[in-house]
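Okay, here's what each chain looks like letter by letter:
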Amino acid sequence: MQLEALEGRVDRGPRGRTPVSRERPSVGPGGRVGPPVTGMRGKETIVAATETAGTTRRDFLYIATGAMGAVGAAAAVWPFVSQLQPDASVLALSSTEVDLGQIQEGQIVTVKWRGKPVFVWNRTAADIEKAKATEISALIDPVARNANLPADAPATDQNRAAEGEGREKWLVVIGICTHLGCVPIGHMGEFDGWFCPCHGSEYDSAGRVRRGPAPENLAVPPYKFVSDTKISIG
Amino acid sequence: MSGHSTFEPKHPALKWFESRLPLVGLIHSSFVAYPTPRNLNYWWTFGGILSLMLVVQILSGVVLVMHYTPHASMAFDSVEHIMRDVSYGWLLRYMHANGASMFFIAVYIHMFRGLYYGSYKAPREVLWILGCIIYLLMMATGFMGYVLPWGQMSFWGATVITNLFSAFPVVGPTIVEWLWGGFSVDNATLNRFFSLHYLLPFMIAGVVVLHVWALHVVGQNNPTGVEPKSEKDTVPFTPYATIKDGFGMVCFLIFFAWFLFYIPNYLGHADNYIPANPLVTPAHIVPEWYYLPFYAMLRSVPDKLGGVLTMFGAIIVLFFVPWLDTSKVRSARYRPLFKQFFWIWVVVCIGLGWLGSKPAEGGYVIAGRILTIWYFAHFLIILPLLGLFEKPKAVPASITEAVLGKSKGGAPASAGVAAPQTKG
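Just so it is clear, the model here is predicted, and its values are computed rather than measured. (Residues numbered from 1 in each chain as written. Chains lettered and ligands numbered in written order. Predicted model: local features only at pLDDT ≥ 70, side-chain atom pairs only at ≥ 80, totals over all residues. Heavy atoms only, no water.)

### Some points on the sheet that holds strand β7 (residues 185–186) of chain A
All names here are of chain A. Selection criterion: One requirement defines pairing of two strands: DSSP has to find at least two bridges between them. To qualify as a helix, a DSSP run of H or I must reach at least 4 residues; to qualify as a strand, a run of E must reach at least 2; elements of each kind are numbered from the N terminus.
Pairing is antiparallel in the open sheet, where four strands are placed in the order β7-β8-β9-β10. Edge strands, defined here as strands with exactly one partner in the open sheet, are β7 and β10 (209–211). Sheet topology places β7 next to strand β8 (residues 192–195); two bridges connect them, and they run antiparallel. Each residue of the ladder has a partner; that of I185, found in β8, is F195.

### Quick word on the sheet that holds strand β11 (residues 223–227) of chain A
All names here are of chain A. Let me state the cut-off plainly: Lines are fitted to the C-alpha atoms to define the axes, a helix being fitted only along its stretch in contact, and any angle between axes, read from their N-to-C directions, falls within 0 to 180 degrees.
Taken together, three strands build an open sheet; the order of strands is β3-β12-β11 and the sheet is antiparallel. Lying at the two open borders of the sheet, with one neighbouring strand each, are β3 (96–99) and β11. The sheet shows a mean angle of 30° between the axes of neighbouring strands, direction not considered. Bridge analysis of β3 against strand β12 (residues 230–233) gives four bridges, and the strand direction is antiparallel. Paired with D99 across the two strands is K230, which belongs to β12.

### Re a nonpolar patch on the surface
Quick note on the threshold: Patch membership is restricted to residues that have no salt bridge and whose relative accessible area is over 30%. Joining uses 9 Å for like charges and 5 Å for the nonpolar side chains Val, Leu, Ile, Met, Phe, Trp and Tyr. Here, Shrake-Rupley sampling with a 1.4 Å probe gives the accessible areas, and only protein chains in the shown set may cover a residue. Should a side-chain nitrogen of Lys or Arg be within 4 Å of a carboxyl oxygen of Asp or Glu, the pair is scored as a salt bridge. Burial classes: relative accessible area under 20% of the type maximum marks a residue as buried, over 50% as exposed, and values in between as partly exposed (1.4 Å probe, protein chains only).
Taken together, the side chains of V77, W78, V81 and L84 of chain A together with M66, Y88, W90, F255, W258, F261 and Y262 of chain B present a nonpolar region at the surface, about 1,200 Å² in accessible area. Looking at the nonpolar patch, the elements with two or more residues in it are α2 (43–82) of chain A together with α10 (237–262) of chain B. With four residues, α10 of chain B is the single largest residue contributor to the nonpolar patch. Its place among the elements puts W78 of chain A in helix α2. By relative accessible area, which is 47% here, W78 of chain A ends up partly exposed.

### Focus on the packing of helix α11 (residues 292–300) of chain B against helix α12 (residues 304–319) of chain B
All names here are of chain B. Basically, it comes down to this: Helix crossings fall into two classes, left-handed where the near helix is turned counterclockwise from the far one by less than a right angle and right-handed where it is turned clockwise. Here, two residues are considered to be in contact whenever any of their heavy atoms come within 4.5 Å of each other. Only Asp, Glu, Lys and Arg are considered charged in this grouping, and only Ala, Val, Leu, Ile, Met, Phe, Trp, Tyr, Cys and Pro are considered nonpolar; every other residue, Gly among them, is considered polar.
For the pair α11 and α12, the least separation of the axes is 7 Å and the interaxial angle reads 145°. Viewed along their axes, α11 and α12 form a crossing whose handedness is right-handed. Here α11 contributes F294, M297 and L298 to the contact with α12, which in turn contributes G307, V308, T310, M311, A314 and I315. Partitioned by chemical class, the residues of the contact of α11 with α12 number seven nonpolar, two polar and no charged.

Below, the structure is given as structure tokens:
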């Protein structure tokens, strides 16, 4: 406490720092002593040089302390951010099975996968024909958006529908409009696919966007056939 | 004491803003230029530590609510869900649960410090009373928070504490039904406790603002209890108090981390990991440690209403300490008798806490009665009489004199300037 008291009385130099003698050796961050800083270009230079000599180590300590504090703060903040991500119980609900045997020709069934609606459509021959007849060049989004295919696969009906002999009638898409996330209504709109009630986007019988603000085709989720009449989404 | 700010903005944008809302100036005058007594010791860092703990509790609490479900049939599972599924959920929940205990440790030290150094005496009565209000709000918040996990201790703690109000004649049973929102502690109770548990911390934060405001009007007390008389008696808040408080906080956080990472369930009860069962009371039911002294007092009185009044009275009496202490001298440093009685009282409080954790039988009850009587006697008999009969030691004329001693009062001012630089 006495030391502190004495400190309070020290006559502070410029910028409140203790003035030091001119001949004082400069001290680097690691305590390395350099050659003495002497006046070579007049008084002002000396003041600056002695200031540097007097401040370097303190500055180093400030920066080192601040850096440690920043690392600590970041480490403390991380759990608060990390807790926002989907938790283990959400990740555990990752796949849904659908029995196709119950879906009649022409019928669209909606199932829930990871909290989202997935449309499973048993398409008629006419639906398929129409989708196949559409040129890629007529599409807003020419990419398949099929999680089971490479990212650059073209949006042909073959790339959109289920893969395999006799399975092309099955169309499985995530039932969320790629515009702003509404659920489109089936068997509606000019293209015989879906019509989104929110902002009027229209999809065809392969789930490809054909009109309106939506930028992308309805996404095809990852799925596979576990048997001839059953698929597993996710 | 703080008066008008001496802060003068240099940057034109800041000047523009400052002339419209002097926010930076307020911060500057409160936490940079604000004069603090030069002799504050580490017991004075607990105000800052408490502010930090309030922030920790609010932040961790807000995050926990993102994952918690306040429903009688889902609350317990949602807490386990936080512990097992949520990323770092275990850390956040242990931080909140142990943070509450740390908060109370800090507040008890803060209160003992205030009582030891006479920080409640004129002109700091309002400051002290605001502190007592914060303490009451903390008790309510802590209690309601403990109910939320909906384990056995939560449920039966809630039952016992709410039933305290049934002791009041005529209106008691009605009050209890209104607290419960039913005829027993159930979902309605859980929901309202959850709502209030979220609200009260922000009320605490509001009263803390008043508490700090009152502090900055009357200025800080100090270990001598002598008011600063000249500029020599004070140092600016920054860097002196900020660095000292910061160091205190870091040390306290290490203590906190020890609980958090090594013994996170030490201060809890295993029974609270059993889901609430309204049909079976645990064999040995005790509140959280920070209520134990009051719990001991409750059980010491063989009458239901008497016990409840004694318990509440133990807190109410704190509000009147500024007028119960009749001594003109603030600090226990210069009050030889008070100092001894103070430490006896501290031991009495700890003893009551220990008794509160013991079963209410035999010698424990008798000891509890003796200590309860002493607790009240300290405030109602000893404090008023000490002021009249105690002969205090000589109080120093100023803080500087107390710090430097009379002979060293005129220490050479040029020591630092003339000192040769022997080391780099």
